[in-house]
Amino acid sequence: HGRGAVFFSVARGKVAEGIDFDRHYGRCVVMFGVPYQYTLSRILRARLEYLRVTFGISERDFLAFDAVRQAAQCVGRVIRSKSDYGLMVLA
């Protein structure tokens, strides 16, 4: 058994979406800020335009929903089963 460790990652990065820290490997996630997408991307601008025209979804609504979904995915790296536990801090 080790003495503990601190691991840093960026939301939307490869580690934030690809690795589970279940059981004793991860007991706490601290998220600073809101993980909004880069809004000047041409691909994102085209997607937002399509959603607005086709479905009437506003840019603000889509970006807010996507940020909440991303935050939930990041903090969910700690709890991976019904018997697992962890602390999630949104700051």
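Scroll up a little and you will see the structure.
Residues numbered from 1 in each chain as written. Predicted model: local features only at pLDDT ≥ 70, side-chain atom pairs only at ≥ 80, totals over all residues. Heavy atoms only, no water.

## A closer look at the nonpolar core
Going by this rule: For this analysis, a nonpolar core means a set of buried residues of the types Ala, Val, Leu, Ile, Met, Phe, Trp, Tyr and Cys, connected via side-chain atoms within 4.5 Å. Each residue is assigned to one of three classes by its accessible area relative to the maximum for its type, calculated with a 1.4 Å probe on protein chains only: buried under 20%, partly exposed between the two thresholds, exposed over 50%. Under the scheme used here, helices are H or I runs from DSSP no shorter than 4 residues and strands are E runs no shorter than 2 residues, and both carry numbers assigned from the N terminus. Should any heavy atoms of two residues lie within 4.5 Å, those residues are considered in contact.
Within the largest apolar cluster, five residues are counted, these being Leu44, Leu48, Leu51, Phe62 and Leu63. Breaking this core down by element, the ones donating at least two residues are α2 (42-55) and α3 (59-75). With three residues, α2 is the largest single contributor of residues to this core. When near neighbours in sequence (up to four residues on either side) are disregarded, Phe62 contacts Gln37, Leu44, Arg47, Leu48, Leu51 and Ile57.

## Looking at the packing of α2 against α3
We apply this condition: For helices, the axis comes from a line fit to the C-alpha atoms of the stretch in contact; other axes are also lines fit to C-alpha atoms, and the angle between any two N-to-C directions lies between 0 and 180 degrees. A clockwise turn of the near helix away from the far one marks a right-handed crossing, whereas an anticlockwise turn of less than a right angle marks a left-handed crossing. Residue polarity follows a fixed list, in which Ala, Val, Leu, Ile, Met, Phe, Trp, Tyr, Cys and Pro are nonpolar, Asp, Glu, Lys and Arg are charged, and the others, Gly among them, are polar.
Where α2 meets α3, the closest approach of the two axes is 9 Å, and the angle between their N-to-C directions is 120°. The hand of the α2/α3 crossing is right-handed. When α2 is examined against α3, the residues Leu44, Arg45, Arg47, Leu48 and Leu51 are found in contact with a partner set consisting of Glu59, Phe62 and Leu63. Tallied by class, residues from the contact of α2 with α3 come to five nonpolar, no polar and three charged.

## Observations concerning the environment of Glu59
Take Glu59: it is sitting in helix α3. Assessed through its relative accessible area of 35%, Glu59 is described here as partly exposed. Leave out the neighbours within four places in its chain, and Glu59 touches Arg45 and Leu48.

## Focus on the environment of Phe62
Along the polypeptide, Phe62 turns up in helix α3. Between the C-alpha atom of Phe62 and that of Leu51, which follows or precedes it by eleven residues, the distance is 8.5 Å.

## Overview of the pairing of strand β1 (residues 28-31)
Using the following cut-off: Strands pair, by our definition, only if DSSP identifies at least two bridges between them.
The alternating pattern of β1 places Val29 and Met31 on a buried face, while none of Cys28 and Val30, on the opposite face, is buried. As paired elements, β1 and strand β2 (residues 87-90) share four bridges and run parallel to each other. Within β2, the residue paired with Val29 across the bridge is Met88.

## A few points about the packing of aromatic side chains
Counted only if it meets this: Any two rings among Phe, Tyr and Trp, with Trp reduced to its six-membered ring, count as a pair given centres within 6.5 Å; such a pair is stacked if its planes are under 30 degrees apart, edge-to-face if over 60, and tilted if neither.
One pass over the structure, following the stated rule, counts one aromatic pair. Consider the rings of Tyr50 and Phe55, whose centres lie 6.0 Å apart with planes at 85°: the pair is edge-to-face. Exposure remark for Tyr50: the relative accessible area of 48% places this residue in the partly exposed category.

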